[in-house]
Amino acid sequence: MRSRSGAIDWRAQKRKAGLMKSLVLERKDALSLRDFPEISRAEEALGPRDVRVKLHTVGICGSDVHYYTHGRIGPFVVNAPMILGHEASGTVIEVGAEVTTLKEGDRVCMEPGIPDPNSRATRLGMYNVDPAVRFWATPPVHGILRPTCVHPEAFTYKLPDNVSFAEAAMVEPLAVGVHAATKARVKPGDVAVVMGAGPIGLVTALSALAAGCARVYVSDLSDAKLEIAASLSQAITPVNIRSENLVETVQRETDGWGADIVFEATGSPQAAAQVFEPLAPGGCVVMIGGQPDPISYDAGAAMVREARVENIFRYAHVFPRCVGMLASGAIDVKPLITRTFSFDDSVHAFEVAASAPAGDVKMQIELPQ
Ligand SMILES: [Zn+2]
């Protein structure tokens, strides 16, 4: 639908599609699908270097579910109704006057954190740790389970034809794994352990393999999740820590040397307490899982190995790499997408996600087009 000036009339398009509603977290345990006039007004403003995107697919993240079930994550508290969702793909429907790399009709994915371009952290290349970063669905910033959004061109990435909207909505979690593998400085032939077979654990295993690992041991308590892990690659060895000792397995299969890299992707204090045990001398531990409270850490085990410890916070500079690996087939995230809901069904989708079904990795919501 085009206006007289020739531009796509996105308001009319939204009205036509009956697509005005947003998924709103009213407060802890209360979601509704409703009009959200405040955001509609905010969306009127398109800066010269912004694009307007019609959302297509949005993944449900553990953080979205946590805000729903707990009303807060650490210092971030939901004090006012907030739109959820930050893992997104869509189609460009309007571009600002100075936009050069994108045009109407381009299929894209979006990086959800927008830093202050002039901050010290951004100028140093660490824009993800800019204290002023505005990140979707982190209070008080709204997420994108809504018809359209306005986003900077610089954080919007064009998709090749062979990357689907569903795969593109996986770029955000995949970026965490790719950032973790980058920080670990994987070398070809490294052996890695990934603690945790949730979505982040699995994208980390895929990223570690793409970065050159010869073998990745993935540990978890859920057989269903480990089955999915094992299905991703012959180079992945699943370890159910209910029935098998992870350290013994890794030691046995590495001639007693240990793993070059251990990725902690559970966020469990118990897992973190043992994170150095499977690690080889001179190895690297990457802490990925969120730890809302202080945890204890075996400094002696780290010391005798001269372990390097890396911490990551989200990601920086990796979205184009993720898109490139999905396009080339170097990484396939499709097996991780285990359920898709329609937007009308999104409150139900969150109820299902909050029940944490053992056989599901990533659930996504598809918006009507
Ligand atoms: Zn996420």
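Residues numbered from 1 in each chain as written. Predicted model: local features only at pLDDT ≥ 70, side-chain atom pairs only at ≥ 80, totals over all residues.

As named in an unreviewed UniProt entry, the protein is Xylitol dehydrogenase, taken from Litoreibacter arenae DSM 19593. UniProt, in the comment section headed Cofactor (unreviewed entry), describes the protein in these words: "Zn(2+)". One UniProt comment on the protein, placed under Sequence similarities (unreviewed entry), says "Belongs to the zinc-containing alcohol dehydrogenase family." (UniProt positions renumbered as here; feature names shortened; annotations may be inferred.)

1. Structural notes on the overall build of the protein
Scanning the protein from N- to C-terminus turns up 13 helices and 20 strands. For a compact globule of 369 residues, the expected C-alpha radius of gyration is about 21 Å, and the protein comes in at 21 Å, within 12% of that figure. By principal-axis analysis of the C-alpha atoms, the protein measures approximately 70 × 40 × 35 Å. Of all 369 residues assigned to the protein, the portion counted as buried reaches 46%. Partitioning the contacts of the protein with sequence separation of at least 6, the portion at a separation of at least 24 is 69%. (Helix = DSSP H or I, 4+ residues; strand = E, 2+ residues; numbered from the N terminus. Rg over C-alpha atoms; globule rule 2.2 N^0.38 Å. Buried ≥ 20, exposed ≤ 12 C-beta atoms within 10 Å, placed from the backbone. Contact = placed C-beta atoms within 7 Å.)

2. Notes on the sheet that holds strand 18 (residues 308-311)
Taken in spatial order, the six strands make up an open sheet running 15-14-13-16-17-18, and their pairing is parallel. Strand pairing shows two members of the sheet lacking a second neighbour, strand 15 (236-240) and strand 18, which therefore form its edges. The average undirected angle you get between the axes of adjacent strands in this sheet is 20 degrees. As paired strands, strand 13 (residues 191-195) and strand 16 (residues 259-264) are joined by four bridges and run parallel to one another. Each bridged residue has a counterpart across the sheet, and for V193 the counterpart in strand 16 is V262. Contacts between helix 9 (residues 246-253) and the sheet are confined to strand 13, strand 14 (215-220), strand 15 and strand 16, with strand 14 contributing the most and set at about 165 degrees to the helix. (Pairing = 2+ DSSP bridges. Axes fitted to C-alpha atoms, helices over the stretch in contact; angles between N-to-C directions.)

3. Details of the sheet that holds strand 2 (residues 30-35)
Taken in spatial order, the three strands of this open sheet run 2-1-6, and their pairing is antiparallel. The two strands at the open ends of the sheet, each matched to only one other strand, are strand 2 and strand 6 (82-83). As paired strands, strand 1 (residues 21-27) and strand 2 are joined by six bridges and run antiparallel to one another. Of the residues in strand 2, the one forming a bridge with L25 is L31. Where helix 13 (residues 346-354) meets the sheet, it contacts strand 1 and strand 2, and its direction lies at approximately 160 degrees from that of strand 2.

4. Structural notes on the nonpolar core
Of all hydrophobic cores here, the largest spans 111 residues; its most connected members are A205 and F263. Those residues in contact with A205 that lie beyond four places of it in its chain are V194, V216, V218, A229, L232 and I236. (Core = buried A, V, L, I, M, F, W, Y, C linked by C-beta atoms within 7 Å.)

5. As for unusual backbone geometry
Cis geometry is adopted by the peptide bond preceding P140, which originates at P139 and carries an omega value of 5 degrees. Within the chain, R185 stands out as a residue other than glycine whose phi angle is a positive 55 degrees. Tracing the chain through its elements places R185 in the loop between helix 6 (171-184) and strand 13. Take R185: there are 14 C-beta atoms within 10 Å of it, and that puts it in the partly exposed class.

6. Let's talk about the domain arrangement of the protein
Split into domains, the protein comes out as domain 1 (10-170 + 333-366) and domain 2 (176-311). Every contact between the two is made by nine residues of domain 1 and, on the other side, 10 residues of domain 2. By residue class, the composition of the side of domain 1 that touches domain 2 is six nonpolar, two polar and one charged. (Domains from an automatic or database assignment. Nonpolar A, V, L, I, M, F, W, Y, C, P; charged D, E, K, R; others polar.)

7. Let's talk about the packing of helix 7 (residues 199-210) against helix 8 (residues 223-232)
As a packed pair, helix 7 and helix 8 sit with axes 11 Å apart at the nearest point and diverge in direction by 20 degrees. Our classification of the angle between helix 7 and helix 8 gives roughly parallel. Considering how the two elements wind past one another, helix 7 and helix 8 form a crossing that is right-handed. Of helix 8, the residues touching helix 7 (which contributes L202, A205 and L206) are I228, A229 and L232. Here the contact of helix 7 with helix 8 is composed, by residue class, of six nonpolar, no polar and no charged. (Parallel < 35°, antiparallel > 145°, perpendicular 65-115°, else oblique. Left-handed = near helix turned anticlockwise from the far one by under 90°.)

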